[in-house]
Amino acid sequence: MATALEPIRLPDPAWQNAEVRSALRDRDVAAVFRWVQHHSGASQARIATQVGMTQSRVNEIINGRREVVRLDVFERIADGLNMPNDARRLLGLAPQRESRAPGAAFDLAAFPEIVRVYSDQASAAAEIQRTARSATELDVLAVRGLGLLALRDSLLRPHLDRDGDEPPRLRVLLLAPDSPALIRRAAEIGESPESLSGGVRLAEARLRELAEIGRVEVYRYRTLPVWRVIRLDKTLYVSAFDTDREGHESATYKVLATPYGPLYRGWRRMFDAMVDDAVRVI
């Protein structure tokens with residue numbers, strides 16, 4: 001019987017199966033761990049030892065009570081399971097022992113950032129809430145943010161007060177209620193400017209309540225809203241505002257930080273630039 005210290009090595013063909021390749025693209029670590037158990041007979045304790053986790057953490061992941069989101073943890077898992085380079089690429093990681101000369105070309109398809117697409121926010125809600133429970137940093141770019149943060153039953157609000165644990169740092173960008181961009185956005189969705197601006201002000205008032213229990217920054221931006229962004233540590237959920245559609249109604253893309261991919265970095269850079277140009281109100 002193999003000990004917990006014995007390395008886990010699956011034959012390369014085991015990583016070529018369509019089921020495990022799909023799990024790798026989705027960064028579904030629970031499915032990957034189950035696959036490794038099935039094909040190697042490795043116990044949870046042995047997997048935990050090889051990937052640098054506790055057995056209880058591995059058990060939580062396998063049973064869907066915890067999700068892996070940090071890039072360094074994905075690296076540890078890939079190294080601990082001795083994944084071949086093809087499997088590492090599907091997981092969004094750089095191949096081992098690969099050096100890239102300055103200016104050298106690479107295939108972005110080898111570093112997938114968009115790992116899942118949902119038809120709308122409601123379809124992604126359960127996963128977003130599960131990720132939010134353990135996130136230490138939250139960034140939100142919205143128009144008024146009522147459905148995301150401001151109401152008692154909003155998507156993220158229940159996960160910001162953690163019963164004595166330190167709450168996450170929260171930064172929120174809302175559309176300035178006195179801006180020409182708000183008037184235009186109201187016309188696009190068939191709502192009065194007074195109603196839309198009132199929603200923004202209500203959201204700000206409710207976010208002041210959160211500021212009493214944690215680190216909360218709220219800013220007003222004045223440009224026409226295009227992207228709706230939720231960042232939970234190293235994971236982004238991105239949708240778009242259209243001329244006749246709210247952000248929560250559009251397709252929602254799950255985007256993960258990868259070593260070379262431009263999307264996560266680009267959206268985060270955009271958010272930081274908007275904060276720099278915005279007016280802080282909380």
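Definitions and cut-offs
Residues numbered from 1 in each chain as written. Predicted model: local features only at pLDDT ≥ 70, side-chain atom pairs only at ≥ 80, totals over all residues. Heavy atoms only, no water. Helix = DSSP H or I, 4+ residues; strand = E, 2+ residues; numbered from the N terminus. Polar contact = N/O pair within 3.5 Å; in protein donor to acceptor, adjacent residues only side chain to side chain. Contact = heavy atoms within 4.5 Å. Buried < 20%, exposed > 50% of the residue type's maximum accessible area, 1.4 Å probe, protein only. Axes fitted to C-alpha atoms, helices over the stretch in contact; angles between N-to-C directions. Parallel < 35°, antiparallel > 145°, perpendicular 65-115°, else oblique. Nonpolar A, V, L, I, M, F, W, Y, C, P; charged D, E, K, R; others polar.

> How would you summarise the side chain of Glu 246 if you had to cite specific residues and measurements?
Tracing the sequence through the fold places Glu 246 in the loop between strand S6 (235-240) and strand S7 (252-256). Within the local environment of Glu 246, its side chain forms a polar contact with the side chain of Arg 144, the two groups lying 3.4 Å apart. When near neighbours in sequence (up to four residues on either side) are disregarded, Glu 246 contacts Arg 144, Arg 185, Ile 189, Ala 240 and Phe 241.

> Please give an account of the environment of Leu 155 that cites residues and values.
The topology assignment puts Leu 155 in the loop between helix H8 (146-150) and strand S3 (169-175). The class for Leu 155 is buried, based on a relative accessible area of 7%. Counting along the chain gives 80 residues from Leu 155 to Glu 75, while the straight-line C-alpha distance between them is 30 Å. Setting aside residues up to four positions removed in sequence, Leu 155 forms contacts with Gln 121, Ala 125, Ile 128, Gln 129, Gly 147, Leu 148 and Ile 230.

> Outline helix H3 (residues 44-51), listing residues and values.
Counted residue by residue, H3 has six buried out of eight residues, so it is predominantly covered. Regarding H3, the residues found buried are Gln 44, Arg 46, Ile 47, Ala 48, Gln 50 and Val 51. Contact partners of the buried residues in H3: helix H2 (29-40), helix H4 (55-62) and helix H5 (71-80). Positive backbone phi, approximately 75°, marks Gly 52, located one or two places after H3.

> Describe the packing of H3 against H4, and please don't skip the residues or the numbers.
Between H3 and H4, the least distance of the axes is 8 Å, while the angle of their chain directions is 110°. Between H3 and H4, the angle is such that the two are roughly perpendicular. For the pair H3 and H4, contact is made by Gln 44, Ala 45, Ile 47 and Ala 48 and by Gln 55, Val 58, Asn 59 and Ile 62, respectively. Considering only residue class, the contact of H3 with H4 consists of five nonpolar, three polar and no charged.

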